[in-house]
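The chain contents come next:
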Amino acid sequence: AGRGVLLPGRVSGEGVGWGVGFVVAAGWGDDSGAVDAAATDAGSDAASVDAYFPPDTFLPEAFEATRPLVDHVDPLIGTGGLGFSVGSVSPAPQRPFGLARPAPDTATEAGSPGFSHCAGYNHFDHLIQGFSQVRPHGMGIAEYGVIALMPTDGMDESKTNKVGYGNSFSHDDETVEVGYYDVTMADGIRVELTAGERVARHRYTFPEGTDAHVLLDVGHFIGELDILDGEVTYDAERNEVRGHSTFAGGYSNRFGGMTVYFVARLEQTPTDAGVWSEGVLSDATTMRGTAAGAFFAFAERSVEIAVGLSFSDVDHAAMNLEAASEHFDDLRRATRDAWEPVLARALITARTEREHRLFYSALYRSLLMPTLASDVDGTYRGFDGALHSVHRDGLESFRYYTDHSLWDTFRTQGPLLSLLYPELQRDMVESLMAMARDGGFVPRWPLGTGYTGGMAGDSADIWFGDAYLKGVPFDVTEA
């Protein structure tokens, strides 16, 4: 028996705003003081409240969000914060639950502590130490953040690690939109990023007079990761670089490390190329080690590179690359377009543009992780280390997802997916069941291709049960 009232005059970060209180018929208020005072002044019955605060006096009319809905999403929300207020969000362009998440990995002169750089990017930093292809979202442990590309002016042995090839930048020279990241670094080199589901695209624009080089570092890492192995091989005939990076982070070290495979296609032909290991440059075409990489010189002022990614092997990374043939602007447009119908599953009315921005920015973030881990042909690497197919054993096909932060998400993201995206939720449930078939038991916190055992509880059981009660179709008997 109560109603909400608006108390004018509260100060917010955007100027004078309205505070929302709730007054019940018995005269009880919350502990804010202001609401109790309002209840006392207005009296204890609803009629008195109406007399003191006439209905709708201060309320603007609610209105629907303007289209396109992607314009209401701010990808920078949550990219900063201190201590346990850190957002662990990256501005990486990506598709819903996409594998490819290219973005800058940032730091200060003091470094990049893992807890404040779990996704590689922190808005308080002013240095960029490479643009890696994969990263987590919203986690409290640094993982992935490997296979970095970096455009640079000239090349020497000092630039064979992320400290040496790092560059400073300002947020004034940064543009972040759904499906697109753009920054011009202090030396005038412009970097643009976009992504498909399994392919990251980079476009670099070098100022006149620059000795245009691009570095590919498989020894790159974020936070306190360890690189266990890496390999790069340059194929001049195909104008491609192939290889992998194997790393061990705070969770992936629990199952012996995680490998990401890649094939990077250079859209322009280099005038020179080489590799390095442990800081030593070489004119060879292949190199392996924990601190290995490759470099390329270009005559063109504009250079575009596409990177196909896979958890399965290099051949599937190449297959994923071939399946995404769009060039930069086309891929950027397609990714932006892919988000619109997804966001449109929730159409709301609100009383301010700010509320629309907060809602759609939050909905967008709820669809960034888990991570798509099956290739275009349905292959995925299971928790037994073997390759499997989503088409096997007569089962209905599904898309295989990993990186399920179940102890956080069973009570929030899971029910949201069941309500708004039941077809996606079915894939999530089928993925967790596939992990049990391949690895022996239902995971608690699966990352990449292995069990981490992170956190507590049997949250997958609740995820299954909630999905079933909300009508998501799957084999509940097997679950």
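Residues numbered from 1 in each chain as written. Predicted model: local features only at pLDDT ≥ 70, side-chain atom pairs only at ≥ 80, totals over all residues. Heavy atoms only, no water.

This part is about the environment of Glu353. Note that Glu353 resides in helix H5 (residues 353–365). In this structure Glu353 comes out as partly exposed when scored by relative accessible area, which is 43%. Distance in space between the C-alpha atoms of Glu353 and Thr66 is 9.2 Å, their sequence separation being 287 residues. Excluding residues that lie within four positions of it along the chain, Glu353 makes contacts with Phe63 and His72. (Helix = DSSP H or I, 4+ residues; strand = E, 2+ residues; numbered from the N terminus. Buried < 20%, exposed > 50% of the residue type's maximum accessible area, 1.4 Å probe, protein only. Contact = heavy atoms within 4.5 Å.)

We now examine the pattern of salt bridges. Think of it this way: side chains of opposite charge can pair up when their charged atoms draw near. Enumeration over the complete set of coordinates arrives at 23 salt bridges. Between Asp74 and Arg357 there is a salt bridge, with its nearest N and O atoms 3.9 Å apart. Residue Asp74 is located in the loop between strand E3 (63–64) and strand E4 (103–107), and its partner Arg357 is located in helix H5; the two are separated by 283 residues in the primary sequence. By relative accessible area, Asp74 is classed as partly exposed at 24%. Given a relative accessible area of 28%, Arg357 falls into the partly exposed group. Put simply, Glu192 and Arg190 hold a salt bridge, and the shortest N to O gap is 3.4 Å. (Salt bridge = Lys/Arg side-chain N within 4 Å of Asp/Glu carboxyl O.)

This part is about the packing of helix H7 (residues 413–420) against helix H9 (residues 459–469). For the pair H7 and H9, interaxial distance at closest approach is 9 Å and the crossing angle is 25 degrees. Overall, the two elements H7 and H9 adopt an arrangement that is roughly parallel. Two packed elements cross with a definite hand, and for H7 against H9 that hand is right-handed. Within the contact between the two elements, H7 uses Gln413, Gly414, Pro415, Leu417 and Ser418 and H9 uses Trp463, Asp466 and Ala467. When its residues are assigned to classes, the contact of H7 with H9 shows four nonpolar, three polar and one charged. (Axes fitted to C-alpha atoms, helices over the stretch in contact; angles between N-to-C directions. Parallel < 35°, antiparallel > 145°, perpendicular 65-115°, else oblique. Left-handed = near helix turned anticlockwise from the far one by under 90°. Nonpolar A, V, L, I, M, F, W, Y, C, P; charged D, E, K, R; others polar.)

This model, assessed by the stated rule, comprises 13 aromatic pairs. Judged by centre distance (5.8 Å) and plane angle (75 degrees), the rings of Phe97 and Tyr401 are edge-to-face. Pair noted here: Phe97 is in the loop between E3 and E4 and Tyr401 is in strand E25 (residues 401–402), with a separation of 304 residues, a long-range link. Tyr401 shares its class with Phe97; the two are buried. (Phe/Tyr/Trp six-rings, centres within 6.5 Å; stacked < 30°, edge-to-face > 60°.)

Taking 1.5 Å of rise per residue, the 16 residues of helix H4 (residues 328–343) would be expected to cover 22 Å, and the 23 Å separating its terminal C-alpha atoms lies within 8% of that figure. The inward-facing, buried residues of H4 contact strand E9 (180–184), strand E10 (190–195), strand E11 (199–205), strand E20 (302–310) and H5. (Expected span 1.5 Å × (residues − 1).)

What follows is about the packing of H7 against helix H8 (residues 422–439). For any two helices packed against each other, one specifies the crossing angle of their axes together with the interaxial distance. Two elements in contact, H7 and H8, have axes separated by 6 Å at closest approach and are oriented at 130 degrees. When the interaxial angle is binned, H7 and H8 end up oblique. Facing Gly414, Leu417, Ser418, Leu419 and Leu420 of H7, the residues of H8 in contact are Pro422, Gln425 and Met428. Class assignment for the residues of the contact of H7 with H8 results in five nonpolar, three polar and no charged.

Turning our eyes to something else, we now look at the side chain of Ser90. Within the secondary structure, Ser90 sits in the loop between E3 and E4. In this structure Ser90 comes out as buried when scored by relative accessible area, which is 9%. Here Ala92 takes part through its backbone nitrogen, which lies 3.1 Å from a polar atom of the side chain of Ser90. Ignoring sequence-local partners within four residues, the contact set of Ser90 consists of Pro75, Thr79, Ala103, Ala119 and Arg135. (Polar contact = N/O pair within 3.5 Å; in protein donor to acceptor, adjacent residues only side chain to side chain.)

Before going further, it helps to spend a moment on the sheet that holds E20. Strand order in this open sheet of nine strands is E8-E9-E10-E11-E20-E15-E14-E13-E18, and the pairing throughout is antiparallel. Single-partner strands in this sheet number two, and they are strand E8 (174–177) and strand E18 (286–288). Shown here is a sheet whose adjacent strand axes are inclined to one another by a mean of 15 degrees, direction ignored. As defined by bridge partners, strand E13 (residues 226–235) adjoins E18 across three bridges and the pair is classed as antiparallel. Bridging from a neighbouring strand, Thr233 pairs with Thr286 of E18. Contacting E11, strand E14 (240–248), strand E15 (258–266) and E20, helix H3 (residues 314–322) crosses the sheet at an angle of about 45 degrees to E15. (Pairing = 2+ DSSP bridges.)

It is worth spelling out unusual backbone geometry at this point. In the segment running from Arg67 into Pro68, the intervening peptide bond is cis, with an omega of 0 degrees. Topologically, Pro68 is positioned in the loop between E3 and E4. Geometrically, the link from Met369 to Pro370 is a cis peptide bond, its omega value of 15 degrees lying close to zero. Here Pro370 lies in the loop between H5 and strand E22 (371–372). Non-glycine residue Ser88 carries a positive phi angle of around 55 degrees.

What follows deals with the pairing of E9. Among the five residues of E9, four are classified as buried, and the element is accordingly described as predominantly covered. In this sheet, E9 lies alongside E8 in antiparallel orientation, the contact comprising four bridges. Its bridge partner being in E9, Thr175 is matched across the sheet by Asp182. Hairpin connection of E8 to E9: two residues between the antiparallel strands, including Gly179 at a positive phi of 80 degrees. Counted along the chain from E9 to the antiparallel partner E10, the turn is five residues long, and its residue Gly188 has a positive phi close to 90 degrees.

With that settled, consider the pairing of strand E6 (residues 148–153). Of all six residues that make up E6, five are buried, and the element is covered over most of its length. Taken together, the two bridges between strand E5 (residues 127–132) and E6 define a ladder with antiparallel strand orientation. Residue Phe131 lies in a different strand from E6, and its bridge partner there is Leu149. By the bridge criterion, six bridges tie E6 to strand E12 (residues 212–217) in an arrangement that is antiparallel. Bridge pairing in E12 links Leu149 to Leu216.

Okay, the confidence of the model for the protein next. Chain-level pLDDT for the protein is 90 on average; 87% of the residues reach the 70-or-more range. For the stretch residues 1–45, pLDDT sits under 50, and the model shows 75 contacts to residues farther than four places along the chain or on other chains. (pLDDT = per-residue confidence, 0-100.)

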